[in-house]
Amino acid sequence: MKIKNTSLKSLVIAIPALLFVACGEGSKEKKEQTAEQATTEKLTDEQLVDVVQKETFKYFWDFAEPNSGLARERYHPDGNYPQNDAHVVTTGGSGFGLMAILSGINQEYITREQGVERLTRIADFLDKADRFHGAWPHWMDGNTGKVQAFGKKDNGGDLVETAFLCEGIICVREFFKDGTDEEKELSQKFDKLWKGVEWNWFTNNQNKLFWHWSPEYNWEMNFALEGYNECLITYVLGASSPNHAIKPEVYHECWARNGGGIKSDNIKYDLPLILKHNGAEEFGGPLFWAHYSYVGLDPNKLTDKYANYWDVNYNQTKIDYLYCVENPKGYKGYGENYWGLTASYTRSEDGSVGYTAHMPSNDRGVISPTAAISSIVYTPKESIAAMRNFYENYKSTIWGPAGFYDAHSAEYDNWAAKRYLAIDQGPMVAMIENYRTGLLWDLFMNAPEVQEGLNKLGFHSGKYGF
């Protein structure tokens, strides 16, 4: 694995105003002087990226659900939770949170020992939490581990959220497997967790993977994972399972739409989409489709008979960027340093906070910082330009205690949703880490079962040699 360049310590020390209080040393007067200096001096790109990663990491460290240690579904800094759900933790967002904690250790935001303590608490909680044929629910009560229904019939196992969690679980296992006795024990706890998922159960005896199963409603949700969206990792992990693997036919017949129906001939801004994005075949879907599966699954030189996955993700990201630069609806602010459409909080017509999947075909004049920032591995120049613009020119409205707020609109008088969502904060920390060190990609892609599963489905990686 790649470990951070220790020279970054000097950059961190130069910006103590943005560090955790526990990390600082020296007199209060000196801290205040340096804080003032840090706010007036222009940060280098490397310093800026570090500040954004470090502050966003706080979502999963300072503001995690206190009992379980897992990621809250949402964090409202004002303490106002209209649904009384401050205790609700999210399975997929917690998978990204595991990766964030590994990133925090690697960047020395926390010590290795602090990470082990938190991760041990998380492993013990997950081991006792509700599971349904090995799959965790979308939401859980952080105090009890009991399922918290995501919807009326969505009160059982959620295979996609479980896949995002297992993406992080495998990274934790790999990170600590050769460590101290305590770390090896932790690694084994996480190994047991992911191996307990019964991926093949979720085929319902068909050549399909289904998103949900409930002991009360069985298969009534009836949502097959068919065609391109954020769910590729579910098939990869399903094929990788040592004890509960799916057959390759499940991938080719369902996900790939009978061995090739997933392919697209559509071109936008001279960039081929390559795969048909479900419900968004002209421009591609919301940008989280290029993030969630790929925080662990490295798309660099990753191919199967349907696509080169670097091209899929780069092209989708660049199309989103070029759409915002073109700005066909004439929204204020849009351009080369203000872009990024993905699912997030949004501004409702009455000015209140809502939620929607922003994308070029559903553009409401609202930018989600996670969209551009989590795309840093694909478009570093464009992503850092957006990051700098957000930080330097909109900081008073868009920057809070865990980094950038979830959504912003220059069109509507610098409106911001001053809230956070785990599934948006997590990919920023993880993808910045992959951009800086490649850590999470190296951990996940070098897991033996993952390579075996990818091979089984017909994938090849020119980067990792299989």
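For clarity, every value in this text was computed on a predicted model and none was experimentally measured.

Rules of the game
Residues numbered from 1 in each chain as written. Predicted model: local features only at pLDDT ≥ 70, side-chain atom pairs only at ≥ 80, totals over all residues. Heavy atoms only, no water. Axes fitted to C-alpha atoms, helices over the stretch in contact; angles between N-to-C directions. Helix = DSSP H or I, 4+ residues; strand = E, 2+ residues; numbered from the N terminus. Parallel < 35°, antiparallel > 145°, perpendicular 65-115°, else oblique. Left-handed = near helix turned anticlockwise from the far one by under 90°. Contact = heavy atoms within 4.5 Å. UniProt positions renumbered as here; feature names shortened; annotations may be inferred. pLDDT = per-residue confidence, 0-100. Pairing = 2+ DSSP bridges. Core = buried A, V, L, I, M, F, W, Y, C linked by side-chain atoms within 4.5 Å. Buried < 20%, exposed > 50% of the residue type's maximum accessible area, 1.4 Å probe, protein only. Lys, Arg positive; Asp, Glu negative; His and termini not counted. Salt bridge = Lys/Arg side-chain N within 4 Å of Asp/Glu carboxyl O. Patch = residues over 30% accessible without salt bridge, like charges linked within 9 Å, V, L, I, M, F, W, Y side chains within 5 Å. Areas by Shrake-Rupley, 256 points an atom, 1.4 Å probe, with all protein chains shown as cover. Charge placed at Lys NZ, Arg CZ, Asp CG, Glu CD. Phe/Tyr/Trp six-rings, centres within 6.5 Å; stacked < 30°, edge-to-face > 60°. Lys NZ or Arg CZ within 6 Å of the ring centre and 35° of its normal. Expected span 1.5 Å × (residues − 1). Polar contact = N/O pair within 3.5 Å; in protein donor to acceptor, adjacent residues only side chain to side chain.

1. Quick look at the packing of helix H3 (residues 45–61) against helix H15 (residues 422–436)
Here H3 crosses H15 at 140°, and the two axes come no closer than 9 Å. Comparing their axes, H15 and H3 come out oblique. Taken as a pair, H3 and H15 cross one another with a handedness that is left-handed. Packed against H3, whose contacting residues are Val49, Asp50, Val52, Gln53, Thr56, Phe57, Tyr59 and Phe60, the element H15 presents Ala422, Gln425, Gly426, Met428, Val429, Ile432, Glu433 and Arg436 at the interface.

2. Looking at the UniProt feature "domain: Glycoamylase-like" (unreviewed entry) in the protein chain
The sites that UniProt annotates as "domain: Glycoamylase-like" (unreviewed entry) are residues 222–447. For residues 222–447, helix accounts for 37% and strand for 12%, while the C-alpha atoms at its two ends are 32 Å apart.

3. Points about the confidence of the model for the protein chain
Per-chain confidence: the protein chain averages 93 in pLDDT, with 91% of residues scoring 70 or above. The model gives residues 5–38 a pLDDT under 50, and that stretch makes 32 contacts with residues more than four places away or in other chains.

4. A word on the sheet that holds strand S4 (residues 147–148)
Sheets are built from strands that pair by backbone hydrogen bonding, the pairs being arranged parallel or antiparallel. Strand order in the open sheet formed by three strands is S2-S3-S4, with antiparallel pairing between adjacent strands. At either margin of the open sheet sits one strand with a lone partner, and together these are strand S2 (88–90) and S4.

5. As for the nonpolar core
Ranked by size, the top nonpolar core spans 150 residues in total, and within it Leu119, Trp136, Phe190, Tyr235, Leu297 and Tyr309 carry the most contacts. Here this core gets twelve residues from one element, more than from any other, and that element is helix H6 (residues 159–176). The contact partners of tyrosine 235, leaving out residues within four places of it in the chain, are Leu209, Leu225, Ile246, Val250, Tyr251, Cys254, Trp255 and Leu457.

6. Focus on the side chain of glutamate 161
Tracing the backbone shows glutamate 161 in helix H6. Notably, glutamate 161 is buried but unbridged: the nearest opposite-charge side chain belongs to arginine 74, and the N-O separation is 11 Å. Apart from residues no more than four positions distant in its own chain, glutamate 161 is found in contact with Thr90, Thr91, Gly92, Gly93 and His138.

7. A word on unusual backbone geometry
As a rule of thumb, non-glycine residues mostly have phi less than zero, and peptide bonds are mostly trans rather than cis. Despite not being glycine, isoleucine 274 has its phi angle at roughly 75°, a positive value. Residue position: isoleucine 274 is located in the loop between strand S8 (271–272) and strand S9 (302–303). Using a relative accessible area of 18% as the deciding quantity, one classes isoleucine 274 as buried. Residue asparagine 414 is not a glycine yet carries a positive backbone phi of 60°.

8. Quick notes on helix H9 (residues 248–255)
Along H9, the residues that are buried comprise Val250, Tyr251, His252, Cys254 and Trp255. Tucked into the core, H9 has its buried residues touching helix H8 (232–240), helix H10 (257–260), helix H11 (309–326) and helix H17 (448–457). A positive phi of about 55° marks arginine 257, the residue just after H9.

9. Notes on a negative patch on the surface
Residues Glu113, Asp181, Glu182 and Glu185 make up a contiguous surface patch of negative charge. Among the elements that make up the negative patch, the one with the highest residue count is helix H7 (residues 181–195) (three residues). Positionally, glutamate 113 belongs in helix H5 (residues 112–128).

10. Comments concerning the pairing of strand S11 (residues 353–357)
By the alternation rule, side chains of S11 split into Gly354 and Thr356, which are all buried, and Val353, Tyr355 and Ala357, of which none is buried. In the sheet, strand S10 (residues 343–347) pairs with S11 via five bridges, with the strands oriented antiparallel. Pairing of alanine 343 across the sheet is with alanine 357, part of S11. Between the antiparallel neighbours S10 and S11 lie five residues, among them glycine 351 with a positive phi of about 90°.

11. So, the packing of aromatic side chains
The full count for this structure, using the stated rule, is 39 aromatic pairs. Among the aromatic side chains, those forming a connected cluster through ring pairs are Phe96, Phe164, Tyr228, Tyr235, Tyr251, Trp255, Phe288, Trp289, Tyr292, Tyr306, Tyr309 and Phe459. One residue, arginine 118, lies across the ring of tryptophan 61, its end atom 4.0 Å from the ring centre. Sitting above the plane of the phenylalanine 283 ring, lysine 268 keeps its charged end 4.5 Å from the centroid.

12. So, H6
Compared with an ideal rise of 1.5 Å per residue, which puts 18 residues at 26 Å, H6 spans 25 Å between its outermost C-alpha atoms and is within 8% of the ideal. Among the 18 residues that make up H6, 18 are buried, leaving the element largely enclosed by the rest of the structure. Of the residues flanking the start of H6, the one acting as N-cap is aspartate 158, its side-chain oxygen 3.2 Å from the backbone nitrogen of valine 160.

13. Concerning the pattern of salt bridges
In the structure shown here, the tally under the stated rule is 20 salt bridges. Across the pair glutamate 220 and lysine 153 runs a salt bridge whose closest N-O atoms are separated by 2.8 Å. A residue pair is termed long-range when its members are at least 10 positions apart, and glutamate 220 in the loop between strand S6 (212–213) and H8 and lysine 153 in the loop between S4 and strand S5 (157–158) qualify at 67 residues. What makes glutamate 220 partly exposed here is its relative accessible area of 46%. Residue classification places lysine 153 among the partly exposed residues on the basis of a relative accessible area of 31%. Glutamate 226 serves as the salt-bridge partner of arginine 257, at 3.3 Å between the closest nitrogen and oxygen. Highlighted residues: arginine 257 in helix H10 and glutamate 226 in the loop between S6 and H8, separated in sequence by 31 residues. Accessibility expressed as a relative area gives 29% for arginine 257, which makes it partly exposed. Through salt bridges with shared partners, a single ionic network connects Arg173, Glu174, Lys177, Asp191, Lys195 and Glu449.

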